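# Coordinate analysis (summary)
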Protein chains: 2
Amino acid sequence: MATRTVVNLGELERAIMDVIWDATAPLAATDLREQLKASAPGGKEPAITTVMTVLSRLEAKGFVVRDRDARPHLYSATMTREDHVAELMHEVLGSASDRDAVLARFVGQVTPHEAERLRRLLDA
Amino acid sequence: MATRTVVNLGELERAIMDVIWDATAPLAATDLREQLKASAPGGKEPAITTVMTVLSRLEAKGFVVRDRDARPHLYSATMTREDHVAELMHEVLGSASDRDAVLARFVGQVTPHEAERLRRLLDA
DNA sequence: GATGTTTTCTACGTGCCGTAGAATTCTACG
DNA sequence: CGTAGAATTCTACGGCACGTAGAAAACATC
């Protein structure tokens, strides 16, 4: 019933996606767990089964794909973080009736540098 | 523990915010309930206490303020929907390390009309 | 085929949210 | 005032998403 928007990631799910996105190649669950420990401040370290459960859920949600032929299964993201975030932005933008008004507020809050960047992108 | 981002609204909470945002003046819970029924397709109609509970939660979350002096209490939004959505967009944008790359994807997906709109906004 | 590894299954605890009755407080009106 | 009706607060339950992970099953390897 809940209009399943894409904005549905928990804390650990997001942390795992971040590791996958930062990786240069598909990762095995164990490696991923290592990276997770490295990037986590408190050194918290979930059980390997926990990581796999979340990975399965992320796969079900379409965020990652896994190579089931490889022997530890290898996981990779279905889209880049940038594409994902851009998509989220559009999704959020779409939730307003007056898109133009939202854009006005939006550009009113970007940094000068980003404004310049946007100008260049738009002229390209 | 969960890094409470602003992106936390349930289905009913959002529906209620939409009614409040569409309203031209502060609303009483009963009126709000009416509007809710009107805008809902299935004619689903939550109990008045349900509406009030959610309203209280929205107040706690800082999304609405209520006039406690008025006799039915009157509720209104703390910010416009456009400001809210723009804020969300920035929040989402901030979740990426490479903001420029995100912006590139983002502008690559806006409609021509919106691109034009953005150009004008940036030059203002 | 026994052993270590990897994966799947199953399941619990917690917190958010929709839901709303019960109890309480408040306002008018007679 | 006293009381009825209206409004507000309190309390609470059920469902679902997530973090969590053990138990069990499937695999690979020697």
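Keep in mind that what you see is a predicted model, and the values were worked out from it rather than measured.

### Some details on the overall build of chain A
- When its secondary structure is counted, chain A shows six helices and three strands.
- Secondary structure elements in chain A, listed N-terminal to C-terminal, are α-β-α-α-β-β-α-α-α.
- On C-alpha atoms alone, chain A measures out to a radius of gyration of 18 Å, which is more than a quarter above the 14 Å that the 2.2 N^0.38 rule sets for 124 residues.
- Expressed as lengths along the three principal axes of its C-alpha atoms, the size of chain A is roughly 50 × 40 × 30 Å.
- Put simply, chain A has 124 residues, and 35% of those count as buried.
- Taking the contacts inside chain A whose residues are at least 6 apart along the sequence as the reference set, 46% of them involve residues at least 24 apart.
- When the accessible surface of chain A is split by element, carbon and sulfur atoms take 54% of a total near 6,800 Å².
- Across chain A, 16 positive and 19 negative side-chain charges occur, with their mean positions spaced 4 Å apart.

### A closer look at the interface of chain B and chain A
- Taken together, the contact between chain B and chain A spans 41 residues of the former and 40 residues of the latter.
- Of the roughly 3,800 Å² buried between chain B and chain A on both sides combined, carbon and sulfur atoms contribute 67%.
- Where chain B meets chain A, there are eight salt bridges.
- Put simply, E114 of chain A and R99 of chain B hold a salt bridge, and the shortest N to O gap is 2.4 Å.
- Our count for the chain B to chain A interface comes out at nine residue pairs in polar contact (both at pLDDT 80 or more).
- Ranked by residue count, the leading element in the side of chain B that touches chain A is helix α4 (residues 81-94) of chain B, at eleven residues.

### Regarding the sheet that holds strand β2 (residues 64-67) of chain A
Residues and elements named next belong to chain A.
- Ordered in space as β1-β3-β2, the three strands form an open sheet in which the pairing is antiparallel. Whereas interior strands pair on both sides, the edge strands pair on one side only; in this sheet they are β1 (27-28) and β2.
- Docked against the sheet, helix α1 (residues 11-22) engages β1, β2 and β3 (74-77), running at close to 90 degrees with respect to β3.

### Describing the relation of the copies chain B and chain A
- Least-squares fitting of chain B to chain A yields an RMSD of 0.1 Å, with the superposition described by an axial translation of 0.0 Å and a rotation of 180 degrees. Expressed as an axis order, the relation between the two copies is that of a two-fold axis. Of every C-alpha in chain B, the one belonging to M89 of chain B sits nearest the axis of rotation, 2.7 Å from it.

### What about the protein's contact with DNA strand C?
- Every one of the 24 residues lining DNA strand C counts as a neighbour, but M52 and H73 of chain A together with E11, L12 and K61 of chain B are closest to it.
- Restricting the count to atoms of DNA strand C within 4 Å of the protein gives a sugar and phosphate share of 61%.
- At 3.4 Å, a backbone N or O of E13 of chain B approaches a phosphate oxygen of DNA strand C.
- At 3.0 Å, a backbone N or O of A47 of chain B approaches a phosphate oxygen of DNA strand C.
- Sorting the residues of the surface near DNA strand C by element identifies α3 (48-60) of chain A together with α1 (11-22) and α3 (48-60) of chain B as the ones contributing at least two each.
- If one sorts the elements of the surface near DNA strand C by residue count, α3 of chain B sits on top with five residues.
- For the surface near DNA strand C, a count of residues per class yields six nonpolar, seven polar and eleven charged.

### Quick word on the protein's contact with DNA strand D
- Near DNA strand D you find 24 residues, and of these E11, L12 and K61 of chain A together with M52 and H73 of chain B are the closest.
- Considering the 4 Å shell around the protein, atoms of DNA strand D inside it are sugar or phosphate in 60% of instances.
- A distance of 3.0 Å is found between a phosphate oxygen of DNA strand D and a backbone nitrogen or oxygen belonging to A47 of chain A.
- Side-chain polar atom of T49 of chain A to a base nitrogen of DNA strand D: 3.5 Å apart, as the coordinates give it.
- Residue composition of the surface near DNA strand D, grouped by class: six nonpolar, seven polar and eleven charged.

### Points about the domain arrangement of chain A
- Splitting chain A by domain gives domain 1 (11-77) and domain 2 (81-123).
- For domain 1 of chain A and domain 2 of chain A, the distance between their C-alpha centres works out to 30 Å.

### Details of the pairing of β3 of chain A
- Summarising the sheet, β1 of chain A and β3 of chain A pair through two bridges and their orientation is antiparallel. The residue of β3 of chain A that forms the bridge with L27 of chain A is Y75 of chain A.

### Things to note about the nonpolar core
- The biggest cluster of nonpolar side chains holds 30 residues, and the ones touching the most others in it are M89, V102 and F106 of chain A together with M89, V102 and F106 of chain B.
- Of all the secondary-structure elements, those providing two or more residues to this core are α4 (81-94), α5 (99-109) and α6 (112-123) of chain A together with α4, α5 (99-109) and α6 (112-123) of chain B.
- In this view, F106 of chain B contacts A86, M89, H90, L93 and L103 of chain A together with M89 of chain B; residues no more than four positions away in its chain are not counted.

Criteria and cut-off values
Residues numbered from 1 in each chain as written. Chains lettered and ligands numbered in written order. Predicted model: local features only at pLDDT ≥ 70, side-chain atom pairs only at ≥ 80, totals over all residues. Heavy atoms only, no water. Helix = DSSP H or I, 4+ residues; strand = E, 2+ residues; numbered from the N terminus. Rg over C-alpha atoms; globule rule 2.2 N^0.38 Å. Buried < 20%, exposed > 50% of the residue type's maximum accessible area, 1.4 Å probe, protein only. Contact = heavy atoms within 4.5 Å. Areas by Shrake-Rupley, 256 points an atom, 1.4 Å probe, with all protein chains shown as cover. Lys, Arg positive; Asp, Glu negative; His and termini not counted. Charge placed at Lys NZ, Arg CZ, Asp CG, Glu CD. Buried area = accessible area lost by both parts, 1.4 Å probe. Salt bridge = Lys/Arg side-chain N within 4 Å of Asp/Glu carboxyl O. Polar contact = N/O pair within 3.5 Å; in protein donor to acceptor, adjacent residues only side chain to side chain. Pairing = 2+ DSSP bridges. Axes fitted to C-alpha atoms, helices over the stretch in contact; angles between N-to-C directions. Least-squares fit on C-alpha atoms with pLDDT ≥ 70 in both. Near = heavy atom within 4 Å. Nonpolar A, V, L, I, M, F, W, Y, C, P; charged D, E, K, R; others polar. Domains from an automatic or database assignment. Core = buried A, V, L, I, M, F, W, Y, C linked by side-chain atoms within 4.5 Å.

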